[in-house]
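Residues per chain are reported as follows:
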Amino acid sequence: MHTRVERAFCTKEFSKFICRQVGIYLKHRITDSRQYHFSFHKGVIFASGNISSGNEVGKSNCAKSVFRSAWYSWLVSKSLELRESSVVGTEYLAESALSRSVCNSHSEIFGMELGSIVSTLNNMASPSYAGSWDNVGLLLEPSPPHTVSKLLLTNDLTPSVMQEAVNKDVNMIVSYHPPIFAPLKRVTQSSWKERIVAACLERRIALYSPHTSWDAVIHGVNDWLISVFDVKDVRPIEQTEVMSAGRTKKLTFWTSAASADTVSTLPAVEHTPGMKLYTEHVRSQGGDGAASSKVCIQCSAATVPSILAELEQHHISVEHLECSDLVKVPILGHGMGRMGQLQSPVTVQAAVSAIKSHLNLQHVRLAETADTKEVRSVAVCAGSGSSVLRGVKADLYLTGEMSHHDVLDAVCKGIHVVLCDHSNTERGYLKVLQGRLTELLEHKVQVIVSEIDRDPLVVV
């Protein structure tokens, strides 16, 4: 059996990508043990393999039909035009005509599985860094397999940006602000956010949102924002604290050294992901000189009853049993907002000019103190800075928006305030991230930044 796809305008690299994707698709659609091989030669993709599951004609035709159905489905899933197909004896032939524009746009892009991209994004800025109130991470996931060859970065996923994503044929959108925040009870055409969710699902576009995890992480949005100034001793205003993965309780008890070794083999300990166990061996003060051990188990609250029950079932002697709450651990360098000292003092006017240049803005709003003192220290917060900046000692606050009363309070305390509107203090980071993310994805995914996305407020 041979399946042939004509590739008149396709590069060798993209043809290899097509071969891999066809193979992945067929493996998900055909579950028996047939073997298939895909190769590229002189601009043509060949797929070959034994489609017969036996000598009977019926079984052979059935196998052939399954392969043909899977091949057609793959073409449709990629929006490719099937030009001609025929079955000649035991040979199946299909020719697919791809437009020159499709071939050229993907000529150097290999693509990457969605799961790998999500892992890369999570490793770059852990969702655990986000605010507890936030909704971050993978929000929409098309059914697998889902290969991403083009990814769109945007600050806000509005209807116009959604249309841009459709027009540019992207497979994934990373929206800084989560389009899905309040719980959805239905997905209909009654609201613009529901229509966006429906459009993503219909077009198999994955959706990921990082939001405050990008605010908190080192080299994230707030580090980019404060880089407008020549600062030293930069540190977060609010330190990020995270709980060890899934572990909220700490069990501590004393037992014999032999029993301590048995504890690690208990099913509730050995087979529970994320659990941490360690022991401290101490020589007993008794006359027999026997060793005893202090056992510490870090686990979730839900597993505590199971551990205690198994200790009793295995007749492990337990003394001085304590159960305490684990506290969150600070992650140095990560957190909301940034503050620091300027290498050299600058005037308010010079600071404002630098901000306009950095954010590519013609106008900002300035609340200046009465004494117009020079700026020696700054505190910044991307987006809405009222709660983060409140009470922070600095000569100048830079943020997107603050309440009237918080601005008034800051100015009366001798602090200049520069407001740039919410998303204007975030959007510029996407250009920086574009190159970084392309590198992290090993140049296998085309990363683009929305040309439509902008702050809804303008100065008129």
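Everything discussed here concerns the structure shown above.
Quantities reported herein were computed from a predicted structural model and do not represent experimental measurements.

1. Quick look at the overall build of the chain
Scanning the chain from terminus to terminus reveals 15 helices and 24 strands. Across the 460 residues in the chain, those meeting the buried criterion constitute 46%. In the chain, once contacts between residues fewer than 6 apart in sequence are set aside, the share between residues at least 24 apart is 71%. Accessible area for the chain stands at about 23500 Å²; split by element, carbon and sulfur atoms hold 52% of it.

2. A word on the side chain of His334
Positionally, His334 belongs in strand S18 (residues 329–336). Polar side-chain contacts of His334 include one of 3.1 Å to the backbone nitrogen of Ile218. In this structure His334 touches Tyr129, Ala216, Val217, Ile218, Pro236, Glu238, Gln239 and Thr240, once residues within four positions along its chain are discounted.

3. Focus: the sheet that holds strand S24 (residues 446–449)
Sheets are built from strands that pair by backbone hydrogen bonding, the pairs being arranged parallel or antiparallel. Strand order in the open sheet formed by five strands is S7-S11-S10-S9-S24, with mixed pairing between adjacent strands. At either end of the open sheet lies a strand with only one pairing partner, and these are strand S7 (137–140) and S24. The mean inter-strand angle of the sheet, taken between neighbouring strand axes irrespective of direction, is 25 degrees. Across three bridges, strand S10 (residues 172–175) lies against strand S11 (residues 206–209) in parallel orientation. In the strand pairing of S11, Met172 is matched with Ala206.

4. A short note on the state of the cysteines
Scanning all chains against the criterion turns up zero disulfides. Free of any disulfide, Cys323 has its nearest neighbouring cysteine sulfur in Cys299, separated by 6.9 Å. Judged by relative accessible area, Cys323 falls into the partly exposed class, the value being 48%.

5. Considering the side chain of Asp395
Tracing the sequence through the fold places Asp395 in the loop between helix H13 (386–389) and strand S22 (396–401). Polar side-chain contacts of Asp395 include one of 2.8 Å to the backbone nitrogen of Arg376. If we skip the residues at most four places from it in the chain, Asp395 touches Lys373, Glu374, Val375, Arg376, Ser377, Gly414, Ile415 and His416.

6. Observations concerning the nonpolar core
Counting 68 residues, the largest nonpolar core has Leu151, Met172, Trp214, Phe229, Tyr397 and Leu398 as the members making the most contacts within it. By residue number, the principal contributor to this core is strand S21 (residues 375–384), which donates six residues. Beyond its immediate stretch of four places on either side in the chain, Phe229 contacts Leu342, Ala351, Ile355, Val378, Val380, Leu396 and Leu398. Ranked by size, the runner-up nonpolar core spans 17 residues in total, among them Met162, Ile173, Ile205 and Ile448.

What counts and how
Residue positions are given per chain, counting from 1 as you read along its sequence in written order. The model is predicted, so local features are restricted to residues of pLDDT at least 70 and side-chain atom pairs to those at 80 or more, both for listing and for counting; the totals for chains, interfaces and linings are taken over all residues. Think of the side-chain values as coming from all heavy atoms in the structure, minus any hydrogens and water. Numbering of helices and strands starts at the N terminus; helices are DSSP runs of H or I of at least 4 residues and strands are runs of E of at least 2. Note on exposure labels: buried denotes an accessible area under 20% of the residue type's maximum, exposed denotes more than 50%, and partly exposed covers the range between, all computed with a 1.4 Å probe on protein chains only. Any two residues whose heavy atoms approach within 4.5 Å at even a single point are treated as in contact. We get accessible surface area from the Shrake-Rupley algorithm with a probe of 1.4 Å; when it comes to residues, only the shown protein chains can shield them. Identification of polar contacts relies on pairs of N or O atoms within 3.5 Å, with a donor-acceptor requirement for protein atoms, meaning one able to donate a hydrogen and the other able to accept it, and with residues adjacent in sequence counted only if both atoms are side-chain atoms. Here, strands pair whenever DSSP counts at least two bridges between them. Structural elements are reduced to axes, namely lines fitted to C-alpha atoms, with helices fitted over the stretch in contact, and the angle between N-to-C directions of any two is expressed from 0 to 180 degrees. When two cysteine sulfur atoms lie within 2.5 Å, the pair is treated as a disulfide. In this description, a nonpolar core means a group of buried Ala, Val, Leu, Ile, Met, Phe, Trp, Tyr and Cys residues linked to one another through side-chain atoms lying within 4.5 Å.

Read these as spatial facts, not as claims about activity.
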